[in-house]
Amino acid sequence: MAVDAATVKKIGRLARIRIEDDEVAKYQDELNVILGFVEQLSEVNVEGVEPMTSVTPMRLRRRDDVVTDGGYPEKIVANAPLSEDNFFMVPKVVE
Amino acid sequence: MTELTKLSLAAARKGLKAKDFSATELTADYLAAIERANPKLNAYVAVTGQQAQAAAKASDAKLAAGQGGPLEGIPLGIKDLFGTKGVHTQAASHILDGFEPEYESTVTSNLFRDGALMLGKLNMDEFAMGSSNETSYYGPVVNPWRAQNSNANLVPGGSSGGSAAAVSAWLCAGATATDTGGSIRQPAAFTGTVGIKPTYGRCSRWGIVAFASSLDQAGPIARTVEDAAILMTSIAGFDPKDSTSVDIAVPDFAAAVERGVKGLTIGVPREYRMDGMPDEIEKLWQQGLDWLKAEGATVKDISLPHTKYALPAYYIVAPAEASSNLARYDGVKYGLRVSGRDITDMYELTRAAGFGREVKRRVMIGTYVLSAGYFDAYYVKAQRVRTLIKRDFEVAFNAGVDAILTPATPSAAFGVGDEDMKADPVKMYLNDVFTVTVNMAGLPGIAVPAGKDASGLPLGLQLIGKPFDEETLFAAARVIERSANIDFSPKPWW
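Remember, it's a predicted structure, so these values are computed and weren't measured experimentally.

Some thoughts on the packing of helix H1 (residues 5–14) of chain A against helix H2 (residues 24–38) of chain A
Residues and elements named next belong to chain A. Where H1 meets H2, the closest approach of the two axes is 9 Å, and the angle between their N-to-C directions is 95°. With respect to H2, the element H1 is oriented roughly perpendicular. Counted together, Ala5, Val8 and Lys9 of H1 and Val24, Tyr27, Gln28 and Leu31 of H2 form the full contact between these two elements. Its residues assigned to classes, the contact of H1 with H2 comprises five nonpolar, one polar and one charged.

So, in structure tokens, the structure goes:
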């Protein structure tokens, strides 16, 4: 499965990474090299094989549904490029 | 007295306890060494000299009172991937510009609990994506090793290239590192140091910048097997804050180091004998087996039939998980923001400016393989192959194999700016061909320096163990270290 230029632009949009027009060809080449490499997997017969969900034989632990942490919004926003009154500030999203 | 920075961690610990020197002196010597070397090697991206000196003073007070933890006063380097409270934590990426977390990772907390102190943050491939430490926003790390009669700069491997270079060049007594596909073991092999990736779940991932969560594990890089075992004992342990952390007792790994290999069965997987493998790697591998046999181990040929599919499966699973983990870098919560005409524009411009080329490539691959219509063909298929890879190892271990010996890397360190690797991303990925299976199966693996190539550069061997049997790896690696009996000190040129 090879990707074309339109697909490269589409992946960029899905990944929220701006791909400029003059970058498309290079990305297309590189992605196709990698996709060509992983294509080998089609040789493997995986009939009846379960996909791995956990590399260690364990169930995901559960904990009590109680508050164990928090109460410091100023720390949460301390590294934000833009914040006000302990809120993250973003460009207007709703008119 | 010998230079303090050249002491092994074990020897430094002894000297501190015996008050032959103080933690303040040891720390001052390391800081001076960093100041001299770092402009050439670029191993540290941030040096925390004042905090280190203050911590050393506090350790000296404890040591004077006959107190202190098992690592009291030991100066370490910390990979930039570990969250360190109030200190530079950027995963060597532009997108985390200025990020100083409000929390401390569990692994570094454990080290500080045991008395260790931090000299600074170590360079790495951006978001741990790379095998040469050339994808760092802070520029490449240079390997302290050079080929005989050459002054060409070599890479230290990656992604933990800063960790490996700093340990090898005596810029810290030991370092933290992380390994997703070989990022501890490959740089250790390239620098003549010891690096272990523990079993998945042995060390907490909490507070470590995530790359591929089902593969990432923290571990140490050190100058000797014993030093690596001492560090492992401190960093390992159950952590309720990491849901994949395993609640299992942590042994005193250092106690296993001199246990020997008598009666052990060492597996030799025939699939690791790759076409075009250099003679010297083949010879080193045989030499390693001979050393283990001479100490009473039995060698057994085994088959791990799905080995060749580990790397292609990895290049689906790891980018898929990365594309999801790296979604959080959006210019809102931390780091870089590039303004745009609306919020989507801001996201796209921030991520385009903040991520380097390799990271963007992997996020895009990950996005593609997870996108509608391709998920089953790529991601689910790769996870099925992963089950088969793990099963291969289980069959070998169930047939009585205690550990598996393989080469650590297909070659010694290569040059900075290698044209072949730049032109073809897959060539760079092939560096991890011997190490990546271990991450896919969640097993422990150790790289130990075992010989040198024709140009005098270090070469490593890898031992792969059963889940949670790092002790056998330390014991077998020690036999190789002792039998090789080679001085893996680079000749200082920096």
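A closer look at the interface of chain B and chain A
With 52 residues of chain B in contact, the opposing surface of chain A contributes 38 residues. Elements with a minimum of two residues in the side of chain B that touches chain A: helix H9 (310–325), helix H10 (343–354), helix H11 (357–370), helix H12 (375–398) and helix H14 (425–429) of chain B. In terms of residues, the side of chain B that touches chain A owes the most to one element, H12 of chain B, which gives 10 residues.

Comments concerning the environment of Gly157 of chain B
Residues and elements named next belong to chain B. Tracing the sequence through the fold places Gly157 in the loop between strand S3 (117–122) and helix H5 (161–168). Its 37 C-beta neighbours within 10 Å are what place Gly157 among the buried residues. Through-space distance from the C-alpha of Gly157 to that of Ser183 is 7.9 Å; in sequence the pair is 26 residues apart. Beyond its immediate chain neighbours, meaning those up to four positions away, Gly157 contacts Ser131, Ser132, Asn133, Ala164, Gln186, Pro187, Ala189, Phe190 and Ala413.

Describing the packing of helix H8 (residues 279–294) of chain B against helix H16 (residues 470–484) of chain B
All names here are of chain B. Where H8 meets H16, the axes come as close as 9 Å, and the angle between the chain directions of the two elements is 105°. As judged from the angle between their axes, H8 and H16 are roughly perpendicular. Each of Gly288, Trp291 and Leu292 in H8 lies in contact with H16, whose residues at this interface are Ala476, Val479, Ile480 and Ser483.

Side note on H1 of chain A
Looking at H1 of chain A, one finds that the buried residues are Val8, Ile11 and Gly12 of chain A. Relative to the axis of H1 of chain A, the buried residues are bounded by an arc of 100° and lie together on one face. Turning to H1 of chain A, the residues buried within the fold contact H2 of chain A together with H11 of chain B. Of the residues flanking the end of H1 of chain A, it is Arg16 of chain A, one or two places downstream, whose phi is positive at about 55°.

Side note on the confidence of the model for chain B
Within chain B, residue pLDDT values average 97, and 100% of them lie at 70 or more. At the level of chain-chain contacts, confidence expressed as ipTM amounts to 0.96, with global pTM at 0.97.

Examining H9 of chain B
Think of an α-helix as 3.6 residues a turn; residues three or four steps apart then line up on the same face. Counted at 1.5 Å a residue, the expected span for H9 of chain B with its 16 residues is 22 Å, and the 22 Å between its end C-alpha atoms agrees. Counted residue by residue, H9 of chain B has 14 buried out of 16 residues, so it is predominantly covered.

Observations regarding the pairing of strand S4 (residues 175–179) of chain B
Residues and elements named next belong to chain B. Most of S4 sits inside the fold, with five of its five residues counted as buried. Every second residue of S4 is oriented toward a common face, with Ala175, Ala177 and Asp179 on one face and Thr176 and Thr178 on the other, all of them buried. Where S4 meets strand S6 (residues 217–222), five bridges bridge the pair, whose relative direction is antiparallel. Its bridge partner being in S6, Thr176 is matched across the sheet by Pro220.

Side note on unusual backbone geometry
With an omega dihedral of 5°, the bond running from Gly158 of chain B to Ser159 of chain B counts as a cis peptide bond. With respect to the helices and strands, Ser159 of chain B occurs in the loop between S3 and H5. One non-glycine residue, Asn86 of chain A, lies in positive phi territory at about 65°. Of note, Asn86 of chain A is situated in the loop between strand S1 (83–84) and strand S2 (87–88). One non-glycine residue with positive phi stands out, namely Asn42 of chain B, at about 60°. Locating Asn42 of chain B in the fold gives a position in the loop between helix H2 (23–41) and strand S1 (44–47).

A short note on the pairing of strand S11 (residues 458–465) of chain B
All names here are of chain B. Burial of S11 is extensive: eight of the eight residues sit out of reach of the surface. Looking at chain direction, strand S9 (residues 403–407) and S11 are connected through five bridges and run antiparallel. Across the sheet, Leu405 pairs through a bridge with Leu463, a residue of S11. For strand S10 (residues 445–452) and S11, the ladder comprises seven bridges, and the chain directions are antiparallel. Each bridged residue has a counterpart across the sheet, and for Ile446 the counterpart in S11 is Leu463.

The rules we used
- Residues numbered from 1 in each chain as written.
- Chains lettered and ligands numbered in written order.
- Predicted model: local features only at pLDDT ≥ 70, side-chain atom pairs only at ≥ 80, totals over all residues.
- Axes fitted to C-alpha atoms, helices over the stretch in contact; angles between N-to-C directions.
- Helix = DSSP H or I, 4+ residues; strand = E, 2+ residues; numbered from the N terminus.
- Parallel < 35°, antiparallel > 145°, perpendicular 65-115°, else oblique.
- Contact = placed C-beta atoms within 7 Å.
- Nonpolar A, V, L, I, M, F, W, Y, C, P; charged D, E, K, R; others polar.
- Buried ≥ 20, exposed ≤ 12 C-beta atoms within 10 Å, placed from the backbone.
- Arc of directions from axis to C-beta.
- pLDDT = per-residue confidence, 0-100.
- Expected span 1.5 Å × (residues − 1).
- Pairing = 2+ DSSP bridges.

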